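# Close look at the chain arrangement
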Amino acid sequence: MLSQEQVNFYQDRGWLHLPGMFDATQTQAMRDDLNWLIDTWADRSKGWTGPWRKQYMDEATEQRSQLVAMHDLHFYSEAWMKGVTHSPLAAAIADLVDGPVELHHSTMHVKPPESGHPFPMHQDWAFYQHEDGRFVDVLVHLDDTSHANGEIRFVDGSHRDGPLEHVVRDPATGEPCTPHLPFEQYSLENTTAVPARAGDVVLFSIHTLHGSHINTTDDMRRMVRVGYRHPDNRQTAGQSCGRPGLMVHGRRQRQPGQALFTTEGPRVEATAGVE
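Residues numbered from 1 in each chain as written. Predicted model: local features only at pLDDT ≥ 70, side-chain atom pairs only at ≥ 80, totals over all residues. Heavy atoms only, no water.

As a further point, take empty space enclosed by the protein. All told, the structure shown has 1 cavity of 30 Å³ or more when counted by the stated rule. Roughly 160 Å³ of volume is contained in the largest cavity. Taken together, 16 residues line the largest cavity, and the ones lying closest to its centre are His 109, Phe 119, Leu 139, Ile 152 and His 210. When residues of the lining of the largest cavity are traced back to their parent elements, those giving at least two are β5 (119-122), β13 (210-212) and β14 (221-229). (1 Å grid on protein atoms, 1.4 Å probe; cavity = no way out; pocket = protein on both sides within 12 Å on 5 of 7 lines; lining within 4 Å. Points joined across faces, edges and corners; volume = space filled by probe spheres on them. Helix = DSSP H or I, 4+ residues; strand = E, 2+ residues; numbered from the N terminus.)

Ordered in space as β5-β13-β8-β11, the 4 strands form an open sheet in which the pairing is antiparallel. Strands at the two margins of the open sheet, each flanked by one partner only, are β5 and β11 (192-194). Across this sheet, the average inter-strand angle for adjacent strands is 25 degrees, counted without regard to direction. For strand β8 (residues 152-154) and β13, the ladder comprises 2 bridges, and the chain directions are antiparallel. Looking across to β13, one finds that Phe 154 is bridged to His 210. (Pairing = 2+ DSSP bridges. Axes fitted to C-alpha atoms, helices over the stretch in contact; angles between N-to-C directions.)

Of the residues in the chain, 93% have a pLDDT of 70 or more, and the chain-wide mean is 91. This model gives residues 270-275 a pLDDT under 50, and the stretch forms 0 contacts once residues within four places in sequence are excluded. (pLDDT = per-residue confidence, 0-100. Contact = heavy atoms within 4.5 Å.)

Turning our attention to the layout of surface pockets. There is about 340 Å³ of room inside the largest pocket. Looking at the largest pocket, it is lined by 17 residues, and the ones nearest its centre are Arg 229, Pro 231, Arg 234, Arg 252 and Gln 258. Broken down by class, the residue content of the lining of the largest pocket amounts to 4 nonpolar, 7 polar and 6 charged. Of all the elements in the fold, those that place two or more residues in the lining of the second largest pocket are β2 (43-45), β3 (67-69) and β4 (101-111). Tallied by class, residues from the lining of the second largest pocket come to 7 nonpolar, 7 polar and 3 charged. (Nonpolar A, V, L, I, M, F, W, Y, C, P; charged D, E, K, R; others polar.)

This is the structure we're talking about:
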């Protein structure tokens, strides 16, 4: 799927922009279902917590700022199941992890108009820790992005430093906060902006430093992050830890002594009024 030049670019910079991964019809189907998911299932919240908020936003904006989010859109929508299993995308990931590809998760990231949530500098590794770098995150763009609505921004080559220690407690209060890198040391100003168009994808390493500015426009900025890994890259902590994912490219090789996946699911208690 990828040229050697594209693979080399990813290995050097830690990210790769692939224009037109999804055609107009599939992009519209995913956009329509995303809008339905926003209205039906998604959570609205103040978003990420931590002392960085006062550095990125004035007080009035910080009070209004929201993030619209939910996990695993492919559990709720046929369009998104088709999107996360898109063969050309899976083949591109296989070129970057040098082997088979397992779906790890999908996560909605919608920035509402005018005060849509910025993101401080961080590595996605802090949210789903894995033993090695064979994990690629993909940003599926459903709207054109620019500085005005908060396009993704990277620190070129930062993936080569591996996992970094993140701030996980507010230094002033000691309360837990969303993992992020110290804003005094890591600034959005020293990053490479990667604007993209609807239907494009932007791929990046689990160790690449990134963030984004606030959405200042009067329209939503709709985007979905999809995580893929080599199935031999063992997760040690974080989101969806211990949960197998769909194989979207190649085969899962059996490790010595590895058992079959269990057919037992979490117990669901009956709710009042249900017969």
